[in-house]
Amino acid sequence: MYSYSLLETNCYYLIQEKAEGPISLIKVNMDSDYCLFLTRFGETEITEWRRKDDTIHEILELLSDEKIKVWQAAYYSNEDAFYEDGEE
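Residues numbered from 1 in each chain as written. Predicted model: local features only at pLDDT ≥ 70, side-chain atom pairs only at ≥ 80, totals over all residues. Heavy atoms only, no water.

## Section: the pairing of strand β2 (residues 12-16)
Phase 1 of the analysis: For β2, the buried fraction is high: four of the five residues fall into the buried class.
Phase 2 of the analysis: Here β2 runs beside strand β3 (residues 23-31); their pairing, made up of five bridges, is antiparallel. The residue bridging Gln16 from the neighbouring strand is Ile23, located in β3.
Phase 3 of the analysis: Linking two consecutive strands that pair antiparallel, namely β2 and β3, is a turn of six residues.
Phase 4 of the analysis: Looking at chain direction, β2 and strand β7 (residues 58-62) are connected through four bridges and run antiparallel. Opposite Ile15, over in β7, you have Ile59 as the bridge partner. (Buried < 20%, exposed > 50% of the residue type's maximum accessible area, 1.4 Å probe, protein only. Helix = DSSP H or I, 4+ residues; strand = E, 2+ residues; numbered from the N terminus. Pairing = 2+ DSSP bridges.)

Next comes the structure, spelled out in structure tokens:
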């Protein structure tokens, strides 16, 4: 078992919060004395606060800058896929 306190600010991680749970991509945006403010990436971006002592089953990977660039190109290229022509 790990905790959010191990994660560093401005870094992207692949984590699994529960043993059989889904894999999530998160970015730690800032930290306070007791909490972290992070962005969770999925179908949409969700920002949330987590306690530093909240548990994480596994920290799978700290993503490199190169991997993040590849991921961002794919993730943000699909951003407009839900809009029909002329809708915004």
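## Thoughts on the pattern of salt bridges
Phase 1 of the analysis: A full pass over the atoms with the stated rule returns seven salt bridges.
Phase 2 of the analysis: Linking Glu17 and Arg40 is a salt bridge whose minimum nitrogen-to-oxygen distance equals 3.5 Å. Taken together, the positions of Glu17 in the loop between β2 and β3 and Arg40 in strand β4 (residues 35-41) put the pair 23 residues apart, joining distant regions of the chain.
Phase 3 of the analysis: Judged by relative accessible area, which is 14%, Arg40 ranks as buried.
Phase 4 of the analysis: Glu17 is the salt-bridge partner of Arg50, the closest N and O atoms lying 2.9 Å from each other. Taken as a pair, Arg50 in strand β5 (residues 45-51) and Glu17 in the loop between β2 and β3 lie far apart in primary sequence, 33 residues in all.
Phase 5 of the analysis: Residue classification places Glu17 among the partly exposed positions, given a relative accessible area of 24%.
Phase 6 of the analysis: If you follow the salt bridges from partner to partner, you end up with Glu17, Arg40, Glu48, Arg50 and Asp54 in one network. (Salt bridge = Lys/Arg side-chain N within 4 Å of Asp/Glu carboxyl O.)

## Considering the nonpolar core
Phase 1 of the analysis: Of all hydrophobic cores here, the largest spans 10 residues; its members are Tyr4, Leu7, Cys11, Tyr13, Ile15, Ile26, Val28, Leu36, Leu38 and Ile56.
Phase 2 of the analysis: Mapped by element, the contributors of at least two residues to this core are β2, β3 and β4.
Phase 3 of the analysis: If near-sequence neighbours (up to four positions away) are discounted, Ile26 is found in contact with Tyr4, Leu7, Cys11, Tyr12, Tyr13, Ile15, Leu38, Thr39, Arg40 and Phe41.
Phase 4 of the analysis: In terms of nonpolar packing, the next biggest core, distinct from the first, is built from six residues, Tyr12, Leu25, Phe41 and Ile68 among them. (Core = buried A, V, L, I, M, F, W, Y, C linked by side-chain atoms within 4.5 Å. Contact = heavy atoms within 4.5 Å.)

## Some points on the sheet that holds β3
Phase 1 of the analysis: Spatially, β5-β4-β3-β2-β7 is the arrangement adopted by the five strands of the open sheet, whose pairing is antiparallel. The open sheet has two edge strands with one neighbour each: β5 and β7. Neighbour-to-neighbour, the strand axes of this sheet turn through a mean angle of 35°, independent of strand direction.
Phase 2 of the analysis: Two strands pair when backbone bridges link them, and β4 and β5 are joined in this way by seven bridges, in the antiparallel orientation. Looking at the pairing, Arg40 lines up with Ile46 of β5. (Axes fitted to C-alpha atoms, helices over the stretch in contact; angles between N-to-C directions.)

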